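Chain by chain, the residues:
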Amino acid sequence: MSPFRCVEGHDAGPAALGVLAPPGRRTFLILRPRALPWDLVLLQPAHPSVFHEMDRDEAAAAARQLAAALEAWAAGGPGRVETADAPQGPGVWLRVHAGPFSLLLCPRAPGRPYEAQRFADGEAARAAADKLARFLSPPPGAGQELYFNTRHFGR
């Protein structure tokens, strides 16, 4: 039994996990655990600290593939949340790997460009990782709401 339950965006509750692509000719793919203050932004495969910009069709296809990778992770497939030293300056980043996808944790700040969340130390980053894991790799039958928004962007 899948740990995810697909719902329409307008029906998704405050603990839902969204797979989003903001409007525009070029866009990013975002995972949004609504109950947490962060978003996860897809990274370029060859550059683990650069956001992956794509066209709308590519983003919609990647959204479905990312959801399938999350399903596989929850079923015991490849997936993890890892800490990494921030490449410039002090702090610790969190990266999420689900199948072939890598995403970077960013604070949710409406109207501002995404930038990596910097934690003061590994302990703070691991505490955030534990919170994230419950949304990204829930146990079987958890009923974690999952919604897609690759056409209209809002909440």
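Right above here is the structure, for reference.
Anyway, here's the lowdown on the structure attached to this text.

Cut-offs applied
Position numbers for residues start from 1 in each chain and track the written sequence from start to end. The predicted origin of the model limits local features to residues at a pLDDT of at least 70 and limits the giving and counting of side-chain atom pairs to 80 or more, whereas totals for whole chains, interfaces and linings rest on all residues. In computing side-chain properties, one takes all heavy atoms of the structure into account and sets aside hydrogens as well as water. Strands here mean DSSP runs of E at least two residues long; helices mean DSSP runs of H or I at least four residues long; both are numbered from the N terminus. For this measure, only C-alpha atoms enter the radius of gyration; the expected value for a globule follows 2.2 Å times N^0.38, where N is the number of residues. Accessibility here uses a 1.4 Å probe with only protein chains present; expressed as a share of the type maximum, an area under 20% marks a residue as buried, one over 50% as exposed, and anything in between as partly exposed. We call two residues in contact whenever any of their non-hydrogen atoms come within 4.5 Å of each other. Each accessible area value is a Shrake-Rupley result obtained with a 1.4 Å probe; residue values ignore everything except the protein chains displayed when judging cover. In this tally, Lys and Arg are treated as positive and Asp and Glu as negative; His is ignored, and so are the chain termini. Taken as the charge location is NZ of Lys, CZ of Arg, CG of Asp or CD of Glu. Working rule for helices: expected span equals 1.5 Å times residues minus one. The arc in question is the one traced by the directions running from the helix axis out to the C-beta atoms. Polar contact is the term for a pair of N or O atoms within 3.5 Å; when the atoms are in protein, one must be able to donate a hydrogen and the other to accept it, and sequence-neighboring residues count only if both atoms are side-chain atoms. By definition here, a salt bridge exists when the distance from a side-chain nitrogen of Lys or Arg to a carboxyl oxygen of Asp or Glu is within 4 Å.

Examining the overall build of the chain
Helix and strand counts for the chain come out as two helices and 11 strands. When the helices and strands of the chain are read in sequence order from the N terminus, they spell out β-β-β-β-β-β-β-α-β-β-β-α-β. The globule rule puts the C-alpha radius of gyration for 155 residues at 15 Å, and the 15 Å found for the chain is close to it. Residue burial in the chain is summarised as follows: out of 155 residues, 45% are buried. Long-range contacts, defined as pairs at least 24 residues apart, comprise 64% of the intrachain contacts of the chain with a sequence gap of at least 6. Taken as a whole, the chain presents about 8100 Å² of accessible surface, with 53% of it coming from carbon and sulfur. For the chain, the separation between the mean place of its 17 positive charges and that of its 15 negative charges on side chains is 3 Å.

Observations concerning the environment of Asn-149
Topologically, Asn-149 is positioned in strand 11 (residues 144–149). When the C-alpha positions of Asn-149 and Ala-84 are compared, they lie 29 Å apart, and in sequence the two are 65 residues distant.

Structural notes on helix 1 (residues 56–74)
When the terminal C-alpha atoms of helix 1 are compared, their 27 Å separation across 19 residues agrees well with the 27 Å that a helix rising 1.5 Å per residue should span. Taken as a whole, helix 1 has its buried residues at Ala-59, Ala-62, Ala-63, Leu-66, Ala-67, Ala-69, Leu-70, Trp-73 and Ala-74. One side of helix 1 holds all its buried residues, which, seen down the axis, span an arc of 160 degrees. Looking at helix 1, the residues exposed on the side facing more than 90 degrees away from the buried face are Asp-57 and Arg-64. The residue sitting at the N-terminus of helix 1 and contributing the capping side-chain oxygen is Asp-55; that oxygen lies 3.2 Å from the backbone nitrogen of Asp-57. With its phi angle positive at about 105 degrees, Gly-76 sits one or two positions after the end of helix 1.

Structural notes on the pattern of salt bridges
Pairing between side chains of opposite charge can happen when the charged atoms of each approach one another. Applying the stated rule across the entire model yields six salt bridges. Between Arg-5 and Glu-145 there is a salt bridge, with the nearest N and O atoms lying 3.0 Å from each other. Here Arg-5, found in strand 1 (residues 4–6), pairs with Glu-145, found in strand 11; they are 140 residues apart in sequence, far enough to count as distant. Residue classification places Arg-5 among the partly exposed residues on the basis of a relative accessible area of 44%. According to the relative accessible area criterion, Glu-145 is buried, its value standing at 16%.

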